[in-house]
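# Residue-level structure breakdown
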Amino acid sequence: MKRIEQPVVIVVFGASGDLSKRKLIPALYQLAYQNLLPANFTLLGFARTPYTDDEFRELAREGVTQYSTAGFDEHLWRWFSQNLFYMSGNYDDLESFQALAKRLEELDAERNTGGNYLFYLATPPSVFKPITSLIAETGLCCRTSADHLRRIVIEKPFGHDLESAKDLNQHLLNLFDEDQIYRIDHYLGKETVQNILVFRFGNGIFEPIWNRNYVDHVQITVAETLGIGDRGGYYDKAGAIRDMLQNHMMQLLALTAMEPPVAFDAEDVRDQKVNALRSIRPLDPEEVDQWVVRAQYGPGVSEGQEIPAYLEEKGVDPHSTTETYVAWKTEIDNWRWNGVPFYLRTGKALAGKVTEINIVFRKPPLMLFANLIANPNTQVPPSNVLTLRIQPDEGIRLTFDAKRPGPAVNVERVAMDFSYSESFGKDPGDAYERLLLDAILGDTTLFIRRDEIEVAWERITRILNGWKMQEEKAAQAGKRLRLPRYAAGTWGPKEADELLARDGRYWRNPHTVNPRR
Ligand SMILES: NC(=O)C1=CN([C@@H]2O[C@H](COP(=O)(O)OP(=O)(O)OC[C@H]3O[C@@H](n4cnc5c(N)ncnc54)[C@H](OP(=O)(O)O)[C@@H]3O)[C@@H](O)[C@H]2O)C=CC1
Ligand SMILES: O=C1O[C@H](COP(=O)(O)O)[C@@H](O)[C@H](O)[C@H]1O
């Protein structure tokens, strides 16, 4: 990774919160561990909770001890912690921001930080607008700050539907230039997600078969074992579609489906991602049930932990119709992918924590060995599947059929594996490390551009509209909609299996020892 040359103050709004403690501060510490931060690096936390600098440092120390992948080193901590500062203020109050401007001036003078500021919005989205308005009003960041580094990093969720996303984009673009706005999606910071592009476009052998002539279908799974825990208040308003599908999974889809960029730079890569997203077939809300399955978890056990039914979780409306699981079949209407279904699924309280992309290749034109396969299913599934394992056990696997040694011709499914940890001797670093560094260095490649977020929301809002229509219909009939259920600790509802079974396919469940199931 490249070292940051120029000094910078990172202002973290919402610094008293979970993201700051679990992700941002440990990621900065890890950058310090790798000697990637500038000598006079400075972090100024800003939130309403009244902490002193020392109290904030204590909070940060807890975060680093618990969550840093670099471990805890007392000597490094002493250097790192003396660069952390804190001030309290309100997110919608001009005086607080004037005080912030004054504090930044002092820090500039004391620490020679050159007037370079990166503002990180690690707060709930309800205060994104007031914070950015006041940053602009106090002149801390505006279009004319060209002489200094002045950038805004904005966390997800970016809007809750197309209209609100457009509205937030418009608000930001009234105040700042697009290249000052860093819309974050932490999946793009994951090494294995970035590797999708290297794998596809850095090698000569995969791209020629990466299309409708060879690919039968694509499956993208982002499964989590935990329930919603104590995030009921947030999650019940978001659901799986807004929490995961609109952002992380759309990005995985775009990177899998996109055409090669002209060059590996921010605009070219994002142009191609936008084209891929625009090629997703727009869904007719009336037909939502043909393409999308939603469900909620019931009680069960996942990874040895008892999980209550979603409707009994703290902060959840007992009549909620918010989905904790969503499966979506879509098609990409372009030359490369015409007729190849993409199946996406994500959910909480599932049987495994895993993110993977499966490229399932077509069967050979003639199945010469179909009757020689040991214990075949009634229907012989395609044997060649390329699995991009995003997490955990990051790597790539290709399954194929081979002859089992012996005088008879017996065919068995085997695999070729690439493992990150085996090949590179270490696990991939944390996504926030990479993204923070890129934001400071001014590289927007791994951040979401305005049009990207809007086209993703456009396709997702069609699904949301379909569900809304169903709810309105039920209400008119005096009924309450009840979502399908799946037991916590399983791979999801039977309706999701049926979505694929209708096409003669099945979900390839990760961790399946025998890839034939
Ligand atoms: N936590 C995570 O793992 C992830 C978080 N995110 C996103 O990052 C952002 C921050 O997340 P997280 O740290 O978990 O959030 P928190 O709920 O911990 O909020 C962060 C801080 O914001 C302030 N805050 C909380 N609620 C409100 C409110 N209603 N109005 C104004 N201020 C409030 C609090 O600080 P104070 O009261 O001191 O002002 C709090 O410490 C969110 O947008 C979230 O969606 C994205 C991916 C992962
Ligand atoms: O953004 C989010 O992502 C996490 C999953 O992230 P991962 O890096 O652990 O795969 C998810 O748990 C959370 O609900 C969502 O807000």
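Look up a bit, the structure's there.
Residues numbered from 1 in each chain as written. Chains lettered and ligands numbered in written order. Predicted model: local features only at pLDDT ≥ 70, side-chain atom pairs only at ≥ 80, totals over all residues. Heavy atoms only, no water.

## Considerations on the site of ligand 2
Neighbouring ligand 2 are the residues Lys156, His186, Tyr187, Lys190, Glu224, Arg231, Asp243, Met244, His248, Lys348, Lys353 and Gln391. Here an oxygen atom of ligand 2 sits 2.7 Å away from a polar atom, N or O, in the side chain of lysine 348. A distance of 2.7 Å is found between an oxygen atom of ligand 2 and a side-chain nitrogen or oxygen belonging to glutamine 391. Top contributing element to the shell around ligand 2 by residue count: helix H8 (residues 232-257), with three residues. Residues belonging to the shell around ligand 2 are distributed by class as follows: two nonpolar, three polar and seven charged. (Near = heavy atom within 4 Å. Polar contact = N/O pair within 3.5 Å; in protein donor to acceptor, adjacent residues only side chain to side chain. Helix = DSSP H or I, 4+ residues; strand = E, 2+ residues; numbered from the N terminus. Nonpolar A, V, L, I, M, F, W, Y, C, P; charged D, E, K, R; others polar.)

## Observations concerning the site of ligand 1
Around ligand 1, a shell composed of 19 residues is seen, among which Ser16, Asp18, Arg22, Thr49 and Tyr91 lie nearest. At 2.6 Å, a side-chain N or O of arginine 22 approaches an oxygen atom of ligand 1. Between arginine 48 and ligand 1, the recorded distance is 2.8 Å, taken from a backbone N or O atom to an oxygen atom. When ligand 1 sits alone it has 860 Å² of accessible area, and the protein chains cover 73% of it. When residues of the shell around ligand 1 are assigned to their parent elements, the largest contribution, three residues, is made by helix H1 (residues 18-33). In terms of residue class, the shell around ligand 1 is made up of nine nonpolar, five polar and five charged. (Areas by Shrake-Rupley, 256 points an atom, 1.4 Å probe, with all protein chains shown as cover.)

## Observations concerning the sheet that holds strand E7 (residues 215-223)
What the nine strands build is an open sheet, ordered E16-E15-E14-E13-E7-E12-E11-E8-E17; its pairing is mixed. The sheet terminates laterally at strand E16 (410-419) and strand E17 (485-487), the two strands that pair on one side only. Taken pair by pair, the neighbouring strands of this sheet meet at an average axis angle of 20 degrees, ignoring direction. Most of the contacts of helix H7 (residues 191-201) go to strand E14 (residues 385-391), to which it runs at about 145 degrees, and overall it touches strand E13 (354-361), E14 and strand E15 (395-404). Contacts between helix H13 (residues 450-476) and the sheet are confined to strand E8 (292-298) and strand E11 (325-331), with E8 contributing the most and set at about 70 degrees to the helix. (Pairing = 2+ DSSP bridges. Axes fitted to C-alpha atoms, helices over the stretch in contact; angles between N-to-C directions. Contact = heavy atoms within 4.5 Å.)

## Some words on helix H9 (residues 266-278)
Here H9 contains 13 residues, and its C-alpha end-to-end distance of 18 Å stays within 8% of the 18 Å for a straight helix at 1.5 Å per residue. Listed as buried for H9 are Ala266, Val269, Arg270, Gln272, Lys273, Val274, Ala276 and Leu277. Contacts made by the buried residues of H9 are with H7, H8 and H13. (Expected span 1.5 Å × (residues − 1). Buried < 20%, exposed > 50% of the residue type's maximum accessible area, 1.4 Å probe, protein only.)

## Some points on the side chain of glutamine 194
Examined against the element boundaries, glutamine 194 turns out to sit in helix H7. One polar contact links the side chain of glutamine 194 to the main-chain carbonyl oxygen of glycine 189, over a distance of 3.1 Å. Filtering out sequence-adjacent residues up to four positions away, glutamine 194 remains in contact with Leu188, Gly189, Arg434 and Leu446.

## Section: the pattern of salt bridges
Within the structure shown, the criterion is met by 37 salt bridges. One salt bridge connects glutamate 207 with arginine 200, and the closest N-O pair in it is separated by 2.9 Å. On the basis of relative accessible area, glutamate 207 is assigned to the buried category, the value being 16%. In this structure arginine 200 comes out as buried when scored by relative accessible area, which is 0%. Overlapping salt bridges bring together Lys156, Glu224, Asp243, Lys348 and Lys353 as one network. (Salt bridge = Lys/Arg side-chain N within 4 Å of Asp/Glu carboxyl O.)

## A look at the sheet that holds strand E3 (residues 84-88)
Sheet architecture is open: six strands sit in the order E3-E2-E1-E4-E5-E6, paired in parallel fashion. Both outer strands of the open sheet, E3 and strand E6 (181-183), are each paired with one neighbouring strand and no more. Within the sheet, the average angular offset between the axes of one strand and its neighbour, ignoring direction, is 20 degrees. Alignment of strand E5 (residues 150-154) against E6, held across three bridges, turns out to be parallel. The partner of isoleucine 154 across the bridge, within E6, is arginine 183.

## Focus on the packing of H1 against helix H3 (residues 74-81)
The interhelical angle for the contact between H1 and H3, taken along N-to-C directions, is 115 degrees, at an axis separation of 10 Å. On the basis of the axis angle, H1 is roughly perpendicular to H3. Pair H1 / H3 crosses with right-handed handedness. Here Ile25, Leu28, Tyr29, Ala32 and Tyr33 of H1 come into contact with H3, specifically with Leu76, Trp77, Trp79 and Phe80. Broken down by class, the residue content of the contact of H1 with H3 amounts to nine nonpolar, no polar and no charged. (Parallel < 35°, antiparallel > 145°, perpendicular 65-115°, else oblique. Left-handed = near helix turned anticlockwise from the far one by under 90°.)

## Description of the nonpolar core
Within the largest apolar cluster, 151 residues are counted, with the highest numbers of intra-cluster contacts made by Phe13, Phe80, Leu100, Phe119, Tyr120 and Trp328. If one sorts the elements of this core by residue count, H8 sits on top with 12 residues. Both of domain 1 (8-155) and domain 2 (189-365 + 449-502) provide at least three residues apiece to this core. (Core = buried A, V, L, I, M, F, W, Y, C linked by side-chain atoms within 4.5 Å. Domains from an automatic or database assignment.)

## Here's the deal with the packing of aromatic side chains
Counted under the stated rule, the structure contains 26 aromatic pairs. The interplanar angle of 35 degrees and the centroid separation of 5.1 Å between the aromatic rings of phenylalanine 56 and tyrosine 86 together place this pair among those described as tilted. Taken together, the positions of phenylalanine 56 in helix H2 (residues 53-67) and tyrosine 86 in strand E3 put the pair 30 residues apart, joining distant regions of the chain. This pair shows no difference in class: phenylalanine 56 is buried, exactly as tyrosine 86 is. (Phe/Tyr/Trp six-rings, centres within 6.5 Å; stacked < 30°, edge-to-face > 60°.)

Any functional reading would require information beyond the geometric quantities listed.
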